[in-house]
Amino acid sequence: MFTFISRNKRGAMLSYFKIFISFVAIVMAANIVMSSSMYVNYERHSIKQVQTYTAEELAQISYSTNFMFEAAKMTLMQLYANPSVLKLLNQVDLSELETASLLSQVGVVNINLPFLNSIYIYNKRANLIYFDGKAFPISTFPDQDMIHRLKDGGMANLHPIARKIPSPTGYTQLLTERPEKDEIYSFVFYDGNSTQIDNALVLNVSQKWLKNTIESMDPRMSNNTLVVDSSGMIVLGNERYTYLDHIQDSDDDLNEISNQSSPSGYLIKSIDEVKYLITYVSSPILDWKYIKFTPYEAVSGKLKQVMLWTLIIFLVVTLLSVLAVRYISKFVYGLFSSKIRELENKYDNEKTSGFEKKQQFLRMLVTKKMEDGMVRKRLARYGINFELDRGFMTVLFKIDHYEQFGEQYSLEDRALLSYGMMNVIGELASAHFRNEAVDLGDGYIGLLLNLDDQDSEEIAVNLEELVKNIQDNVEKFLGASLSAALGESLEEMEELPGSISLCREALAYKLFYGPRSLLYVSGIKEIKKKDYLFPEQAVATIIDALLEGDDEAVRLSCRRMIESTRGYSIASLQSTVLRLALSLKEGMQKFPVLADEIHYGPFIDLAGRIAGFETLDEMIDKLNERFEGVLEVIHRSQKTIRKYERYSGILSQVQAFVEQDYANPNLNPELIAEHLQLSAKYLRTLYLKASGESLGEYITRFRLDQAKSLLENIETTVQEAAARSGFVNINYFYTLFKKYNGITPNEFRSLTNSEPT
């Protein structure tokens, strides 16, 4: 076409037929390119869309898995805090009676963990492992795989281990008769060096926990989802890939995924002559990869229909284009005006290329260290009159509500507005400092200042006035709001990248101050040093308001707690949201109906996205949205909650009655039931179900605790302590005391009142 234009320019007119043929050829080529591009781009878009959606599903599974395993860790820590467990872990010469007593006390610990398989208490020095209320010699314990791991050492503390173990229901069979049945994740907690594990707690969680989580999100995912650890071992299998197999042994294509270092991605592979889109997401905590197989037909199923429509559109457009060319070919001289416009645009681009190259150099200057000679040469080339023997300072501006800013303006308009902002910034700064403005992208504009010899106080005053003046003018003339972060004085130019980085970090704190913030890097450093005290009482208030279904009180308490983080670091705010989620989970554990329905992953997700909010109010609104989901579950479960609270009230009355009347020898469940106007059978059943121990055991244990307190006084005789605790028969008192405490009353008194050596 340009040959044709050139000949026209020289005055050599071509025939109308040649002009027509030229246009037809161009139109046909353009239509072919456009149609091919449409088809290729649609296929890429379809793959990207499916991959993005699948990656989001896998990321949600990853969050849920991390949260579930955190619950298992918390359960282990709770169990470790039990004094009876500590005795079983550490003491060697325990009598059978004392062991049985301790195991019975361990057995009443209320562990509310879904799909709990089993718990082991390992004491190497005693050569025993305790399980299900029994003590097993280590050499004959059915789960020898765990015994070997504990003896070999080298295990990570509180890290899930995928294993197969014998079913706990068959531990009374002979070792040779127990096939491996249960697929579980083991968590080991020990205190000390991992190379020498003398005692440990082992918690086994059924793999069904993770499977049910995946199925609850999308039942179709269970057969198409695979989870592998960092070594390539399959820790969640499906019909094709077996649990605990290695990727290397199963599929060379999947082995490629296990070696990927990127946090997420996808591959297109054929497995058994079936084409799949294989998406993977890595867990940042467990170092696991979550993989999903999507049949490629789900992506390409519509492509055949798109191909047909593309062909039809191509033919129609080509026909219409040929007809149009027939009429517009006589206006061929209009091409010369297009050529002129093209040359004008080229001239404008060449004119501005110097500006772009200068901006590229300034971006390099504030992002990485450059050689001194190269810096001096570039400064001279682009006419930047910085004096390197003087100090520097940085100011970083950020366009407020940049996400809405990007939606409001096109890419070209955003570039033009950024150019205008840099002009405003440079013009106003020139009155006080040698300066250069640089567009750093994503709404950030940097201002580099070369300082003169003046005192720091004068510089600070001028700089603060300058920033406020820039904010006013940009908002007045360009309609944009800017926040700013002021860096500290620098002695050398090579410190600019670090200063810009600190300014970026400081701008995250505009969350607390809102749009048009003016932040100081030095002030943010001081804020980060302050220790934030988590408001436990505020969390208790929120949980009480949730259980009462008081929406307004929840919102008010939530706002107060988040507002209390003002003046502290962003990390303190993130920690507050995370601890709020954990405290909420703990507070709801006593209501099984709530513990099963309330999900805490959204709270954790919110904590990870705090830096993206413009104001603290926006963040609080999002937090309240998550509480609305919790309140909805609670509103549906009010009847169950009220029933639990009624039981809790009865238990409180029982405990108060025992505390008041424990010295009465006639105190028994029947007397308490009569006092509460309940049947004794109903009261016994209710107390056992709610507390995990019988009412008679509670009365006996409370009396023995009172007797121990009395025995600490050397002037009180054993007979007197027994009588004042409600025991009439002194021999029976001796028997019970030895059973529950492992020593006689006299031995207890000797230990209590003995002088330290």
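Residues numbered from 1 in each chain as written. Predicted model: local features only at pLDDT ≥ 70, side-chain atom pairs only at ≥ 80, totals over all residues. Heavy atoms only, no water.

Within the protein chain, the regular secondary structure consists of 31 helices and 16 strands. Counting across all 757 residues of the protein chain, residues that qualify as buried make up 43%. In the protein chain, the share of contacts with a sequence separation of at least 24, taken over all contacts with a separation of at least 6, comes to 63%. Approximately 40,400 Å² of the protein chain is accessible, and the part contributed by carbon and sulfur atoms is 52%. (Helix = DSSP H or I, 4+ residues; strand = E, 2+ residues; numbered from the N terminus. Buried < 20%, exposed > 50% of the residue type's maximum accessible area, 1.4 Å probe, protein only. Contact = heavy atoms within 4.5 Å. Areas by Shrake-Rupley, 256 points an atom, 1.4 Å probe, with all protein chains shown as cover.)

A few words now on helix α20 (residues 551-563). The terminal C-alpha atoms of α20 lie 18 Å apart, and with 13 residues this matches the ideal 18 Å at 1.5 Å per residue to within 8%. Residues Val554, Ser557, Cys558, Met561 and Ile562 constitute the buried set of α20. When α20 is viewed along its axis, its buried side chains cluster within an angular range of 130° and face the same direction. (Expected span 1.5 Å × (residues − 1). Arc of directions from axis to C-beta.)

Under the defined criterion, the tally for this structure stands at 28 salt bridges. In this structure, the salt-bridge partner of Arg566 is Glu563, at a minimum N-O distance of 2.5 Å. Connected via shared salt-bridge partners are Asp143, Asp145, Arg149 and Arg163. (Salt bridge = Lys/Arg side-chain N within 4 Å of Asp/Glu carboxyl O.)

Turning our attention to the layout of surface pockets. Looking at the second largest pocket, its volume works out to about 590 Å³. Secondary structure elements with two or more residues in the lining of the second largest pocket: α3 (83-90), α4 (96-107), α28 (695-711) and α30 (730-741). Among the elements that line the lining of the second largest pocket, the one with the most residues is α4, at seven residues. (1 Å grid on protein atoms, 1.4 Å probe; cavity = no way out; pocket = protein on both sides within 12 Å on 5 of 7 lines; lining within 4 Å. Points joined across faces, edges and corners; volume = space filled by probe spheres on them.)

Take the packing of α28 against α30 next. It is the contact of α28 with α30, at a shortest axis distance of 11 Å, that shows an interaxial angle of 95°. Looking at the two axes, α28 sits roughly perpendicular to α30. Residues Glu697, Thr700, Leu704, Ala707, Lys708 and Leu711 of α28 pack against Phe733, Leu736, Phe737, Tyr740 and Asn741 of α30. (Axes fitted to C-alpha atoms, helices over the stretch in contact; angles between N-to-C directions. Parallel < 35°, antiparallel > 145°, perpendicular 65-115°, else oblique.)

What follows deals with the pairing of strand β1 (residues 116-123). Along any regular strand, the residues point their side chains to alternate faces of the sheet. By the criterion of burial, β1 is predominantly enclosed, with seven of the eight residues buried. Of the strand pairs in this sheet, β1 and strand β6 (residues 199-206) are connected by seven bridges, and their pairing is antiparallel. In the strand pairing of β6, Tyr122 is matched with Ala200. Alignment of β1 against strand β2 (residues 128-131), held across four bridges, turns out to be antiparallel. Bridging from a neighbouring strand, Tyr122 pairs with Ile129 of β2. In textbook terms, the turn of a hairpin is the stretch between consecutive antiparallel strands, and for β1 and β2 this stretch comprises four residues, one of which, Asn127, has a positive phi near 55°. (Pairing = 2+ DSSP bridges.)

What follows concerns the pairing of strand β11 (residues 289-295). Most of β11 is tucked away: six of the seven residues are buried. Pairing between strand β7 (residues 225-228) and β11: four bridges, direction antiparallel. By the bridge assignment, Val228 is partnered in β11 with Lys289. With seven bridges connecting them, strand β10 (residues 274-282) and β11 associate as antiparallel partners. Across the sheet, the residue bridging to Tyr280 is Ile291, located in β11. Between β10 and β11, which pair antiparallel in sequence order, lie six residues; one of them, Asp287, sits at a positive phi of approximately 60°.

Moving on, we get to unusual backbone geometry. You will see that Leu158, though not glycine, has its phi angle at about 60°, which is positive. For Leu158, a relative accessible area of 17% puts it in the buried group. One non-glycine residue, Gln677, lies in the positive phi region at around 60°. Checked against the element boundaries, Gln677 lands in the loop between α26 (669-676) and α27 (680-691).

Here the focus is the sheet that holds β10. Strand order across the open sheet formed by five strands is β8-β7-β11-β10-β9, with antiparallel pairing between neighbours. Looking along the sheet, the strands with just one partner apiece sit at the ends: β8 (234-236) and β9 (264-271). Across the sheet, the axes of successive neighbouring strands diverge by a mean angle of 30°, strand direction being ignored.

With that settled, consider the sheet that holds strand β14 (residues 444-450). Overall, mixed pairing links the five strands, which are arranged β13-β14-β12-β15-β16 in an open sheet. At either end of the open sheet lies a strand with only one pairing partner, and these are β13 (434-441) and β16 (518-520). With strand direction ignored, the average angle separating the axes of adjacent strands in the sheet is 20°. Sheet strands in contact with helix α15 (residues 456-478) are β12 (392-399), β14, β15 (482-486) and β16, and its direction is about 165° off that of β15.

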